[in-house]
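Residue strings, one per chain:
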Amino acid sequence: MDVSSLKHVLEGFLGNWLVLRSMLIGIRRFTTNSKEKEVMTDPDAPSPSEPSMREWVHWIVADIPGGSSPSCGKEVISYVGPRPPVGIHRYILVLFEQKQELGTSVEPPTARAHFNTRFFAARHGLGLPVAIVYFNAQKEPANKKL
């Protein structure tokens, strides 16, 4: 996945949510023979001052062919867009290179709340992330909506 693919993915997330800041860390090229796994979480759920549901998982996609869109992979847990109820929330997309195709061996989490990206990566032998992108978002004020 390259920078333009990640930008396209982020643009699909935005809807009526105001993105305040974003950052891309450690992107590298993948070969077409590689497989990728993407995880998106919110570490600030339900509120930044009381993140009692940390990490809330928004999306997991496995077996993404190298250099292609997440839509070409296998959705492990369906996408739920950002909807921060209060405050500014961080949304983090983490990309891992898979050592092998995971197929149906990846079971979805039993709940979206209290997900742990590090534990998930260790459990599936994913190693360290190869790319991370995050953005901040908050609910758009009612007077700004069209």
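Residues numbered from 1 in each chain as written. Predicted model: local features only at pLDDT ≥ 70, side-chain atom pairs only at ≥ 80, totals over all residues. Heavy atoms only, no water.

Comments concerning the pairing of strand E2 (residues 35-42)
Our working rule: Relative accessibility under 20% of the residue-type maximum defines a buried residue, over 50% an exposed one, and the middle range a partly exposed one, all with a 1.4 Å probe and only protein chains included. Helical segments are the DSSP runs of H or I of at least four residues, strand segments are the runs of E of at least two, and each set is numbered from the N terminus. Strands qualify as paired when DSSP identifies two bridges or more between them.
Among the 8 residues that make up E2, 7 are buried, leaving the element largely enclosed by the rest of the structure. Relative to strand E3 (residues 56-65), E2 runs antiparallel, the two sharing 7 bridges. Note on E3: the bridge partner recorded for Glu-38 is Val-61. Strand direction decides the pairing type here: E2 and strand E5 (residues 89-98), joined by 7 bridges, are antiparallel. Considered in E5, the bridge of Glu-36 is made with Glu-97.

What to know about the confidence of the model for the chain
Heads up, the rule is: Confidence of the predictor in every single residue is expressed as pLDDT, which spans 0 to 100. Note on contacts: a residue pair is in contact if any heavy atoms of the two residues lie within 4.5 Å.
Residues with a pLDDT of 70 or more make up 73% of the chain, whose mean pLDDT is 77. Model confidence for the chain, summarised as mean pLDDT per element, is weakest for strand E1 (residues 17-25) at 44 and strongest for E3 at 92. Segment residues 1-28: pLDDT under 50, and 65 contacts once partners within four positions in sequence are set aside and those in other chains are kept.

Here we look at the packing of aromatic side chains
Basically, it comes down to this: Pairs were defined over the aromatic rings of Phe, Tyr and Trp, the Trp ring being its six-membered one, requiring ring centres within 6.5 Å. Orientation was assigned from the angle between planes: stacked under 30 degrees, edge-to-face over 60, tilted for the rest.
This model, assessed by the stated rule, comprises 3 aromatic pairs. When the ring of Trp-59 is compared with that of Tyr-79, the centres are 5.3 Å apart and the planes differ by 70°; the resulting orientation is edge-to-face. Remark: Tyr-79 occurs in the loop between strand E4 (74-77) and E5 and Trp-59 occurs in strand E3; sequence separation between them is 20 residues. The buried category is assigned to Trp-59, whose relative accessible area is 10%. A relative accessible area of 27% means that Tyr-79 is categorised as partly exposed. Judged by centre distance (5.3 Å) and plane angle (50°), the ring pair of Phe-115 and Phe-120 falls under tilted. The class for Phe-115 is buried, based on a relative accessible area of 9%.

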